[in-house]
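# Fold and geometry: a report
Residue-level listing of the chains:
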Amino acid sequence: MARKKEIDKDSVLDAAEAVIVESGGRNFTLDAVAERAGISKGGLVYTFATKDGLMHAVLERELARFQDAVRRRLGNGPTGPAELALAHIEEALSEDDTSTQKAAFLVTALVHAPDMLESIRSFYHALLDPLRPRGKNAEIRHALLAVEGIFLLKGLGFVEVSPSDLRSDLLHARKVILAALGRSA
């Protein structure tokens, strides 16, 4: 009896990301992901029961990647809320447009599935809650909210933001945070 072929979840997630990037999410279907992964749709559904489940897994992996990159930026230095915000902005500055588009698609695509938004809510609570609007924290929080607003507006297709404008906005937010920390840009 032949052994059942095992499907590598990371390969499926890679294929899903490729479909998102190549089509801007417009052709994100289970059929397209299965074809890209070189597996049957049945094999894909066995691994990820629904399109929402697959999207959620891709989002979780993308969030983990971004958070790991932010943690690497922090290194062994201070890790207060202001430093976390600064590392977040600096990582966003290093992201290419493809990564930004992919993340924006994933976040906005899950809006119709509120039960799957908990990881996004947790991410933003951890980032923003320690920066309640008081003193220097207000400036830092406002800079972060502006950056995330641009990210979501762009992701939802409400505004077009060129890569150079996005970079300029991120650099301004970084400057605001550095000023609040008493550092120079």
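Just above sits the structure.
Structural notes, computed from the coordinates.

Rules used in this analysis
- Residues numbered from 1 in each chain as written.
- Predicted model: local features only at pLDDT ≥ 70, side-chain atom pairs only at ≥ 80, totals over all residues.
- Heavy atoms only, no water.
- 1 Å grid on protein atoms, 1.4 Å probe; cavity = no way out; pocket = protein on both sides within 12 Å on 5 of 7 lines; lining within 4 Å.
- Points joined across faces, edges and corners; volume = space filled by probe spheres on them.
- Helix = DSSP H or I, 4+ residues; strand = E, 2+ residues; numbered from the N terminus.
- Nonpolar A, V, L, I, M, F, W, Y, C, P; charged D, E, K, R; others polar.
- Expected span 1.5 Å × (residues − 1).
- Buried < 20%, exposed > 50% of the residue type's maximum accessible area, 1.4 Å probe, protein only.
- Contact = heavy atoms within 4.5 Å.
- Arc of directions from axis to C-beta.
- Phe/Tyr/Trp six-rings, centres within 6.5 Å; stacked < 30°, edge-to-face > 60°.
- Lys NZ or Arg CZ within 6 Å of the ring centre and 35° of its normal.
- Salt bridge = Lys/Arg side-chain N within 4 Å of Asp/Glu carboxyl O.

### What to know about the layout of surface pockets
The space that makes up the largest pocket amounts to roughly 310 Å³. Lining the largest pocket are 19 residues, and of these Gly24, Gln101, Ala104, Lys154 and Gly155 sit closest to its centre. Contributions of two or more residues to the lining of the largest pocket are made by helix H1 (9-23), helix H6 (97-109) and helix H8 (136-155). In terms of residue count, the dominant contributor to the lining of the largest pocket is H6 (six residues). For the lining of the largest pocket, the class distribution of residues is eight nonpolar, six polar and five charged.

### As for H8
Spanning 20 residues, H8 covers 29 Å between terminal C-alpha atoms, matching the ideal 28 Å at 1.5 Å per step. Of the positions making up H8, those classed as buried are Asn137, Ala138, Ile140, Arg141, Ala143, Leu144, Val147, Glu148, Ile150, Phe151 and Lys154. Buried residues belonging to H8 abut helix H5 (81-94), H6, helix H7 (118-128) and helix H9 (163-180). At the C-terminal side of H8, Gly157 shows a positive phi close to 80°.

### So, H9
Side chains of residues three or four places apart in an α-helix project in the same direction, reflecting 3.6 residues per turn. For H9, built from 18 residues, the straight-helix expectation of 26 Å at 1.5 Å per residue is met to within 8% by its first-to-last C-alpha distance of 26 Å. All of the buried residues in H9 are Leu166, Leu170, Ala173, Ile177, Leu178 and Ala180. Seen along its axis, H9 keeps its buried residues to an arc of 160°; they face one direction. Along H9, exposed side chains directed more than 90 degrees from the buried face belong to Ser164, His172, Lys175 and Ala179. As for H9, its buried residues are in contact with H5, H6 and H8.

### What about the packing of aromatic side chains?
According to the stated counting rule, one finds three aromatic pairs in the structure shown. Summarising the aromatic geometry, the rings of Phe28 and Phe105 are spaced 6.0 Å apart at their centres and angled 65° between planes, so their arrangement reads as edge-to-face. Of the two residues, Phe28 is situated in the loop between H1 and helix H2 (30-37) and Phe105 in helix H6; the sequence distance between them amounts to 77 residues. Note on Phe105: relative accessible area 16%, which makes it buried. Measuring from ring centre to ring centre gives 5.1 Å for Phe123 and Tyr124, while their planes differ by 75°; the resulting arrangement is edge-to-face. A connected cluster of aromatic rings, assembled from ring pairs, spans Phe66, Phe123 and Tyr124. Positioned above the aromatic ring of Phe48, the side-chain terminus of Lys9 is 5.8 Å from the ring centre.

### Remarks on empty space enclosed by the protein
Over the atoms, a rolling probe the size of a water molecule traces out where space has been left empty. Summed over all chains, the structure comprises one cavity of 30 Å³ or more. Taken as a whole, the largest cavity holds about 330 Å³ of empty space. For the lining of the largest cavity, the elements supplying multiple residues, two or more each, are helix H4 (51-74), H5, H6, H7, H8 and H9. Looking at side-chain class alone, the lining of the largest cavity contains 14 nonpolar, three polar and five charged residues.

### What to know about the pattern of salt bridges
Enumeration over the complete set of coordinates arrives at 15 salt bridges. With a closest N to O distance of 3.0 Å, Arg174 and Glu90 form a salt bridge. Within this pair, whereas Arg174 is found in helix H9, its partner Glu90 is found in helix H5, the two being separated by 84 residues in sequence. Owing to a relative accessible area of 22%, Glu90 belongs among the partly exposed residues under this scheme. Taken together, the shared-partner salt bridges in this structure form one network comprising Asp10, Asp14, Glu17, Arg61, Glu62, Arg65, Glu95 and Lys102.

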